[in-house]
Number of protein chains: 2
Amino acid sequence: MTSSKGATLRDVAAHAGVSIKTASRVLNDDPRVATDTRAAVTASMVTLSYQPDPAARSLRAGRDRTVGVVVESIGDVFVAGLVAQIERVLAEVGYQVLVASSYRERDRERAIVSNFVQRRCAGLIVMPSSHDALQGLPLRDLPVVFVDREGDAPSSQSVVVNDHKLAKEATSHLIAQGHRRIALMSDVLVVDTTRHRHEGYLEALRDAGITPDDRLIRAECIDEPRVFAVLDELLALDAPPTAIFSANTRVSLGIVPALHVAGRTDVAMVAFGDFPMAASLKPAITVIDHSPARIGEVAARTLMARLIESSDQRQGGPVITVPAHLIERGSGEIPAEPPRRKSRNRR
Amino acid sequence: MTSSKGATLRDVAAHAGVSIKTASRVLNDDPRVATDTRAAVTASMVTLSYQPDPAARSLRAGRDRTVGVVVESIGDVFVAGLVAQIERVLAEVGYQVLVASSYRERDRERAIVSNFVQRRCAGLIVMPSSHDALQGLPLRDLPVVFVDREGDAPSSQSVVVNDHKLAKEATSHLIAQGHRRIALMSDVLVVDTTRHRHEGYLEALRDAGITPDDRLIRAECIDEPRVFAVLDELLALDAPPTAIFSANTRVSLGIVPALHVAGRTDVAMVAFGDFPMAASLKPAITVIDHSPARIGEVAARTLMARLIESSDQRQGGPVITVPAHLIERGSGEIPAEPPRRKSRNRR
DNA sequence: GCAGTTGATGACAACGATGACATGACTCGA
DNA sequence: TCGAGTCATGTCATCGTTGTCATCAACTGC
């Protein structure tokens, strides 16, 4: 039945016997409309199953009920969880989500943002490839919320976890099990987040009076093959590490299979970021619960507050820190010196 | 420097000393423009760093370089992989991706589609909650590609795997290991895909002369707690299953931890759909490699073919089947009768 | 009973781009 | 040499909506 093109505001106005402007007013909840007129127009809208045209609206009004989300790669598990939550929260208030992946390429990222601005998105949620990723881009006062990493932009806010503190906590946890040779495996150091985790790691070592060993610090784990290679090298050292701190989920997803393949699940490990199956592996993986859902939710609500109330008043400071904590599951509690066959099962 | 509002086509035209229409022609690669005029306009565009306004464009031209993607839930690993590939392919040709999750609610799904149509998306990629999910919706001849499940819509195509065949293959694989009591765990039977997998399972049993046991067929595994409960019940049966066929990834992600917690990793298992870590578990999980990337890629290219060439000529039939195969990893090769301590390590 | 206020409504232009059609300068073949 | 056909370009209206300003009736208070 419902065929071809939908009804326009003009049709609604004609059907209700009012001017198009009055219909527009009803549509926009303008108080200056008589009650019965409003009723008539509303009825006509229902009858004609009218739906406003977003393009015309955004062209004229200069804004669109759309939020642009720029992430590193939507295929990443962490990112998917993040976007899911953002989409869920924004859908509640009738906003649509545009997603695009930057693949960490600065130019691509900037092009995406420009495009979103051009599209009159109402706001932006960005997982920036670098602190100054958006520097100098014309943002038209768009509210911007950075996620997972801090970013610079006029009137922006960032939703992050305390990378430094949590990385330190993870490392200290391993130290507490008696480990002194702890490897750090991470992605390259272009993202601030990763840098902060490195610093946390180093500080934990320093506090424990352990001299960092450059051979154990490997910030080159960009893909799975690379992780395998690095791990091979680490295990082949004269003094190999007895524990590993994995600085992000993608790396963890490489380390775990690699350890299993090498048959070296005796090496302790703490992973920054939870992941599917982490609790079911043998040993189960001790993680820093860096929850994408929590971060996404906070980011979306932070943006929403600025979208809806049109209050430039931003809630919370420029940097909002979401809590996270360490979940002991086994891999992080493997002691440095394997117990000398005291008892196989203590319990 | 670059401030506030961007340049409009009028500005470009003025700067190049031509009419706005000529500038428009250059923008749209209309051949009817003199070479030097074109050069001048292009130069002006660069100088003013002109970017076309998508809203105005889509309003006038009736189409937008945007593809609407409707999925069940963007947070799902399978879905995330799918969307990532779609986005990647479409970005190559300058299309933006709008995503929305239906959470399998029909009304929501239909509302999303209507909205996308209203937005003048150039095309739609839909993971439909049911075969007739889009029935009767005004689609304006939009090219629609259904993914992972077949769907009905005028001039649509579907990109799927052969669920029936693959489920049968998985089940037969378990039968070949000597199993006769094979449980089937799946999501509820609202989606065709799931139904086809059930049929494949049943056919494999029938072919092997095994009578299906209703107590082993559990199509109620909608979330993780439910999976745990069902598994408990199954294992508590008088004649418990010796093998499990998991009909989708979400269910697998529940079964694996449940088996580990119950200490019953001696139960054989084949999972429909690969997932992170599947190869690193003990035992590693034998899966049907139902690859989201492959499906996403094919779906995106199928849609692209119709977007770009504006040829209504659709390539491929209404249903495009993407190949998939069984990957033996261990869990699916656990024999029905555990070997009677012949030798611990054969090699 | 009248200026001034308020409230409801409408006419019109504009947002930025493109489609239909028109124009004027060529070229070409008979 | 001229009409037809091509080519490059321009004029104008239009997509569906909203902002600005005008209109006009009813109501206020003195």
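Cut-offs applied
- Residues numbered from 1 in each chain as written.
- Chains lettered and ligands numbered in written order.
- Predicted model: local features only at pLDDT ≥ 70, side-chain atom pairs only at ≥ 80, totals over all residues.
- Heavy atoms only, no water.
- Pairing = 2+ DSSP bridges.
- Helix = DSSP H or I, 4+ residues; strand = E, 2+ residues; numbered from the N terminus.
- Contact = heavy atoms within 4.5 Å.
- Axes fitted to C-alpha atoms, helices over the stretch in contact; angles between N-to-C directions.
- Least-squares fit on C-alpha atoms with pLDDT ≥ 70 in both.
- Near = heavy atom within 4 Å.
- Polar contact = N/O pair within 3.5 Å; in protein donor to acceptor, adjacent residues only side chain to side chain.
- Nonpolar A, V, L, I, M, F, W, Y, C, P; charged D, E, K, R; others polar.
- Salt bridge = Lys/Arg side-chain N within 4 Å of Asp/Glu carboxyl O.
- Buried < 20%, exposed > 50% of the residue type's maximum accessible area, 1.4 Å probe, protein only.
- Right-handed = clockwise from strand over helix to strand, strands pointing away.
- Phe/Tyr/Trp six-rings, centres within 6.5 Å; stacked < 30°, edge-to-face > 60°.
- Lys NZ or Arg CZ within 6 Å of the ring centre and 35° of its normal.

## Comments concerning the sheet that holds strand β6 (residues 182-185) of chain B
Residues and elements named next belong to chain B.
Consideration 1: What the six strands build is an open sheet, ordered β7-β6-β8-β9-β10-β12; its pairing is mixed. Edge positions in the sheet fall to β7 (217-218) and β12 (326-327), since each has one partner strand and no second.
Consideration 2: In terms of strand pairing, strand β8 (residues 243-246) meets strand β9 (residues 268-272) through four bridges, oriented parallel. Note on β9: the bridge partner recorded for Phe 245 is Val 270.
Consideration 3: Most of the contacts of helix α7 (residues 163-176) go to β9, to which it runs at about 170°, and overall it touches β6, β8, β9, β10 (286-288) and β12.

## Considerations on the relation of the copies chain B and chain A
Consideration 1: Superposing chain B onto chain A takes a rotation of 180° combined with a translation of 0.1 Å along the rotation axis, leaving an RMSD of 0.3 Å. Such a combination of turn and shift is consistent with a two-fold rotation axis.
Consideration 2: In this assembly, 100% of the residues forming the interface of chain B have copies in chain A that are likewise at the interface, indicating an isologous arrangement.

## Considerations on the protein's contact with DNA strand D
Consideration 1: Around DNA strand D there are 25 residues in total, and A:Leu9, A:Tyr50, A:Arg60, B:Thr22 and B:Thr37 lie nearest to it.
Consideration 2: What you see for DNA strand D is that sugar and phosphate hold 54% of its atoms within 4 Å of the protein.
Consideration 3: In this structure, A:Tyr50 approaches DNA strand D through a side-chain N or O atom, which is 2.3 Å from a phosphate oxygen.
Consideration 4: One of the side-chain N or O atoms of A:Arg60 is found 2.4 Å from a base oxygen in DNA strand D.
Consideration 5: For the surface near DNA strand D, the elements supplying multiple residues, two or more each, are α2 (20-27) and α4 (54-61) of chain A together with α2 (20-27) and α4 (54-61) of chain B.
Consideration 6: Per-element tally for the surface near DNA strand D: the top contributor is α2(A), with four residues.
Consideration 7: Each residue belonging to the surface near DNA strand D can be placed in one class, and the counts come to ten nonpolar, six polar and nine charged.

## Description of the sheet that holds strand β7 (residues 217-218) of chain A
Residues and elements named next belong to chain A.
Consideration 1: Reading across the sheet, the six strands line up as β7-β6-β8-β9-β10-β12 and stay open at both edges, with mixed pairing between neighbours. Lying at the two open borders of the sheet, with one neighbouring strand each, are β7 and β12 (326-327).
Consideration 2: The pairing of strand β9 (residues 268-272) with strand β10 (residues 286-288) spans three bridges and is classified as parallel. Pairing of Phe 272 across the sheet is with Ile 288, part of β10.
Consideration 3: This element, helix α8 (residues 192-207), spans β6 (182-185), β7, β8 (243-246) and β9 of the sheet and lies at about 175° to β6.
Consideration 4: Relative to β9, helix α10 (residues 249-262) is tilted by about 155°, and along the sheet it contacts β6, β8 and β9.

## Topic: unusual backbone geometry
Consideration 1: Across the junction of A:Lys282 and A:Pro283, the peptide omega takes the value -5°, indicating a cis bond.
Consideration 2: The phi dihedral of B:Arg120 is positive, around 65°, even though this residue is not glycine.
Consideration 3: Within the secondary structure layout, B:Arg120 lies in the loop between α6 (106-118) and β3 (121-126).

## Some words on the interface of chain B and chain A
Consideration 1: Listed per partner, the contact involves 49 residues of chain B and 51 residues of chain A.
Consideration 2: Summed over the shared surface of chain B and chain A, the result is four salt bridges.
Consideration 3: At the boundary of chain B with chain A, the tally comes to 16 residue pairs in polar contact (both at pLDDT 80 or more).
Consideration 4: Of all the secondary-structure elements, those providing two or more residues to the side of chain B that touches chain A are α4, β1 (64-71), α5 (77-92), β2 (96-101), α6 and α10 (249-262) of chain B.
Consideration 5: Broken down by element, the side of chain B that touches chain A gets its largest block of residues, seven residues, from α5(B).
Consideration 6: Residue composition of the side of chain B that touches chain A, grouped by class: 25 nonpolar, 14 polar and ten charged.
Consideration 7: Where strand β2 (residues 96-101) of chain A lies against β2(B), three bridges are found, and the strand directions are antiparallel. When the bridges of β2(B) are listed, A:Leu98 appears paired with B:Leu98.

## Some thoughts on the protein's contact with DNA strand C
Consideration 1: Near DNA strand C you find 25 residues, and of these A:Thr22, A:Thr37, B:Leu9, B:Tyr50 and B:Arg60 are the closest.
Consideration 2: When the atoms of DNA strand C within 4 Å of the protein are grouped by moiety, sugar and phosphate amount to 57% of the total.
Consideration 3: Taking A:Thr37, its side chain carries an N or O atom lying 2.4 Å from a phosphate oxygen of DNA strand C.
Consideration 4: At 3.2 Å from a phosphate oxygen of DNA strand C is found a side-chain nitrogen or oxygen belonging to B:Arg57.
Consideration 5: Counting residues per element, the ones that place at least two in the surface near DNA strand C are α2 and α4 of chain A together with α2 and α4 of chain B.
Consideration 6: Counting residues per element, the surface near DNA strand C draws most heavily on α4(B), at four residues.

## Topic: the pattern of salt bridges
Consideration 1: Taken as a whole and judged by the stated rule, the model has 48 salt bridges over all chains.
Consideration 2: A salt bridge links A:Arg120 to B:Asp53, with the shortest nitrogen-to-oxygen separation between them at 2.5 Å. Taken together, the residues span two chains, with A:Arg120 in the loop between α6 (106-118) and β3 (121-126) and B:Asp53 in the loop between α3 (35-47) and α4. Per residue, the accessibility class of A:Arg120 equals that of B:Asp53, and both read buried.
Consideration 3: Residue B:Glu220 pairs with B:Arg226 through a salt bridge whose shortest N-O separation is 3.1 Å.
Consideration 4: Its relative accessible area of 33% is what places B:Arg226 among the partly exposed residues.

## Quick look at the pairing of β6(A)
Residue and element names in this part refer to chain A.
Consideration 1: Of the two faces of β6, the one carrying Ile 182 and Leu 184 and the one carrying Ala 183 and Met 185 are both buried.
Consideration 2: Where β6 meets β8, four bridges bridge the pair, whose relative direction is parallel. Bridge pairing in β8 links Ala 183 to Ile 244.
Consideration 3: Relative to β7, β6 is paired through two bridges, and the arrangement is parallel. Each bridged residue has a counterpart across the sheet, and for Leu 184 the counterpart in β7 is Ile 217.
Consideration 4: Handedness of the crossover is the feature at issue here: the chain leaves β6, passes through α8, returns alongside β7, and the resulting connection is right-handed.

## With respect to the pairing of β1(B)
Residues and elements named next belong to chain B.
Consideration 1: Within β1, seven of the eight residues are buried, which leaves the element mostly enclosed by the surrounding structure.
Consideration 2: As paired strands, β1 and β2 are joined by six bridges and run parallel to one another. The residue of β2 that forms the bridge with Val 70 is Ala 100.
Consideration 3: One crossover worth recording links β1 to the parallel β2 by way of α5, and it is right-handed.

## A short note on the packing of aromatic side chains
Consideration 1: For the coordinates displayed, the defined rule picks out zero aromatic pairs over all chains.
Consideration 2: When the ring centre of A:Tyr103 is taken as origin, the NZ or CZ atom of B:Arg88, which lies over that ring, is 4.6 Å away.
Consideration 3: In this structure, B:Arg197 is placed above the aromatic ring of B:Phe272, and the distance from its NZ or CZ to the ring centre is 3.7 Å.

## Some points on the environment of B:Ile74
Consideration 1: Mapped onto the secondary structure, B:Ile74 falls in the loop between β1 and α5.
Consideration 2: The exposure class assigned to B:Ile74 is buried, which follows from its relative accessible area of 1%.
Consideration 3: Sequence-wise, B:Ile74 and B:Met45 are 29 residues apart; in three dimensions their C-alpha atoms are separated by 38 Å.
Consideration 4: Ignoring any residue separated from it by four or fewer positions in sequence, one finds B:Ile74 in contact with A:Ile74, A:Ala80, A:Val83, A:Ala84, A:Glu87, B:Val79, B:Ala80, B:Val83, B:Val99 and B:Ser101.

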